[in-house]
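# Descriptive analysis of the structure
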Amino acid sequence: MDVCFRWNKKNTYSLAALAPLVPGALKVKKPQDGVMIYSFATRQKDSIFSEVKKADTESIYIAGGPHPSGAPEETLDHFDYVVIGEGEETLPELIDTIKAGKDVSGVKGIAYKDDAGKTIITEKRETIDLDKYPCFDPNIVMAPLEISRGCPFRCRYCQTPRLFGNKMRHRSIDSIVKYAKYYRDLRFTSSNSMAYGSDGIHPRFDRVERLLSALKNTGDRNIFFGTFPSEVRPEFVTDGSLELITKYCANTKVSLGAQSGSDRILREILRGHTVDDVVQSLELCFDHGITPVVDFMVGFPDETEEEQDMSLELIQWICKKGGNVHSHYLTPLPGTPFADVRTSPVSKRYKKVMGKLALTGKATGTWE
């Protein structure tokens, strides 16, 4: 029985982490006979559900990733099994159990339907030790270096703490350096790069410096830290943290999460910082000659036009000072407190201003 990972550009990070743990698995671009494994987010669900429904194969379908983990019952309308949360331990065990024809009820961290059609969710699995598992296998597919998982904050729109827990876990420096040798340009994934080595609330910049120093000593490599596909929380932006970037890193930009120019909205979404925190972090970036790329969201429940104007005021200030903005419309995600909320309409002024900024290259994203 072949085991196949359904590959697409959107699930490269998941495939990189999981494929090395299933020896002999194939990487395919359409359904095949055997065990078919998918990982996807909410925006890909419709196309994937449609693909599985139309597939004419003798397959056992397994789904994992953000959307299936948050909406296992919906996913089980199309798939045979759902891996909930981290898959490093769950997926290989589930595959072995299926191939052996054994009862899957003892596999932790999955959902499936019993013979009566009832959804069964098994016991939750403990989070993993990142060092026990590879970042990737360079012979299969590579991805940015995952240095941390989890987040101590519980922003109401975000799946990260629901998928990976509220306790930040970090890959050791030795493990990170081991995989760094495969890249000339080093990029990282983390909910907050500057929280490396810490509990995610209280910075440990000494540990960040140890990591960056060790990576610098690996040879002629460009280190891009605190930028896409990661970001930095505003309260982790200090003179000290920015000096680490200018000392060790190649990037002249830093990705920051602001999300709103309204303190009420920030409180409502449990963001954990204020607008003043955002402004202070931006001023520090400009002082250090670092260009901030600032993330905003629009369409929060009960968000008023006045509050969208507050975000616009901050956005325009950022762009005038030389920064850039990435804005996007709120997507209610399954498994979060905002899963079933009604989003707010985007004002004509917000669309107009953002459209003009996009034409000048100062803003990217979608806001409708």
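In what follows, the accompanying structure is described.

Quick notes on the rules
- Residues numbered from 1 in each chain as written.
- Predicted model: local features only at pLDDT ≥ 70, side-chain atom pairs only at ≥ 80, totals over all residues.
- Heavy atoms only, no water.
- Axes fitted to C-alpha atoms, helices over the stretch in contact; angles between N-to-C directions.
- Helix = DSSP H or I, 4+ residues; strand = E, 2+ residues; numbered from the N terminus.
- Parallel < 35°, antiparallel > 145°, perpendicular 65-115°, else oblique.
- Contact = heavy atoms within 4.5 Å.
- Nonpolar A, V, L, I, M, F, W, Y, C, P; charged D, E, K, R; others polar.
- Pairing = 2+ DSSP bridges.
- Right-handed = clockwise from strand over helix to strand, strands pointing away.
- Salt bridge = Lys/Arg side-chain N within 4 Å of Asp/Glu carboxyl O.
- Buried < 20%, exposed > 50% of the residue type's maximum accessible area, 1.4 Å probe, protein only.
- Phe/Tyr/Trp six-rings, centres within 6.5 Å; stacked < 30°, edge-to-face > 60°.

### Describing the packing of helix H11 (residues 275–287) against helix H12 (residues 305–321)
Any two packed helices are characterised by how steeply their axes cross, that is the angle between the axes, and by the distance between the axes. In the contact formed by H11 and H12, the axes pass within 11 Å of each other and the chain directions differ by 5°. Classed by the angle they form, the pair H11 and H12 counts as roughly parallel. Residue-level contacts link Val 275, Val 278, Val 279, Leu 282, Glu 283 and Phe 286 of H11 to Leu 314, Trp 317, Ile 318 and Lys 321 of H12. The residue inventory of the contact of H11 with H12, partitioned by class, reads 8 nonpolar, no polar and 2 charged.

### Examining the pairing of strand S17 (residues 363–366)
In the sheet, strand S16 (residues 324–329) pairs with S17 via 4 bridges, with the strands oriented parallel. Residue Val 325 lies in a different strand from S17, and its bridge partner there is Ala 363. Taken together, S16, helix H13 (residues 348–359) and S17 form a β-α-β motif whose crossover is right-handed.

### Quick word on the pattern of salt bridges
Opposite charge on two side chains permits pairing when their charged atoms draw close. For the structure on display, the rule yields 21 salt bridges. For Glu 93, the salt bridge identified is with Arg 125, shortest N-O distance 2.9 Å. Residue Glu 93 is located in helix H5 (residues 90–99), and its partner Arg 125 is located in the loop between strand S7 (119–121) and strand S8 (145–146); the two are separated by 32 residues in the primary sequence. Owing to a relative accessible area of 18%, Arg 125 belongs among the buried residues under this scheme. For the salt bridge of Arg 156 with Glu 268, the shortest nitrogen-to-oxygen distance reads 3.3 Å. Taken together, the residues span a long stretch of sequence, with Arg 156 in the loop between strand S9 (148–149) and helix H6 (160–164) and Glu 268 in helix H10 (residues 263–268) at a distance of 112 residues. Of the residues examined, Arg 156 reaches a relative accessible area of 23% and is grouped as partly exposed. Via salt bridges that share partners, Glu 86, Glu 88, Glu 146, Arg 149 and Arg 169 belong to a single interconnected network.

### A closer look at the packing of aromatic side chains
Summed over all chains, the structure comprises 13 aromatic pairs. Ring centres of Tyr 38 and Phe 79 lie 5.3 Å apart, and the angle between their planes is 80°; on these two criteria the pair is classed as edge-to-face. In this pair, Tyr 38 sits in strand S3 (residues 34–39) while Phe 79 sits in the loop between helix H4 (72–75) and strand S5 (81–83), placing the two residues 41 residues apart along the sequence. Comparing Tyr 38 with Phe 79, the two get one shared label, buried. When the centroid spacing of 6.4 Å and the interplanar angle of 50° are considered together, the rings of Tyr 81 and Tyr 112 count as tilted. In this pair, Tyr 81 is assigned in strand S5 and Tyr 112 in strand S6 (residues 110–113), connecting sequence segments 31 residues apart. Each member of the pair, Tyr 81 as well as Tyr 112, carries the same accessibility label: buried. Taken together, the ring pairs in this structure connect Tyr 38, Phe 40, Phe 49, Tyr 61 and Phe 79 into an aromatic cluster.

### Concerning the environment of Ile 84
Here Ile 84 lies in the loop between S5 and H5. Using a relative accessible area of 26% as the deciding quantity, one classes Ile 84 as partly exposed. Sequence separation between Ile 84 and Ala 71 is 13 residues, and the spatial gap between their C-alpha atoms is 9.4 Å. Discounting residues that sit within four places of it in the chain, Ile 84 has contacts with Ser 69, Gly 109, Ile 110, Ala 111 and Ile 121.

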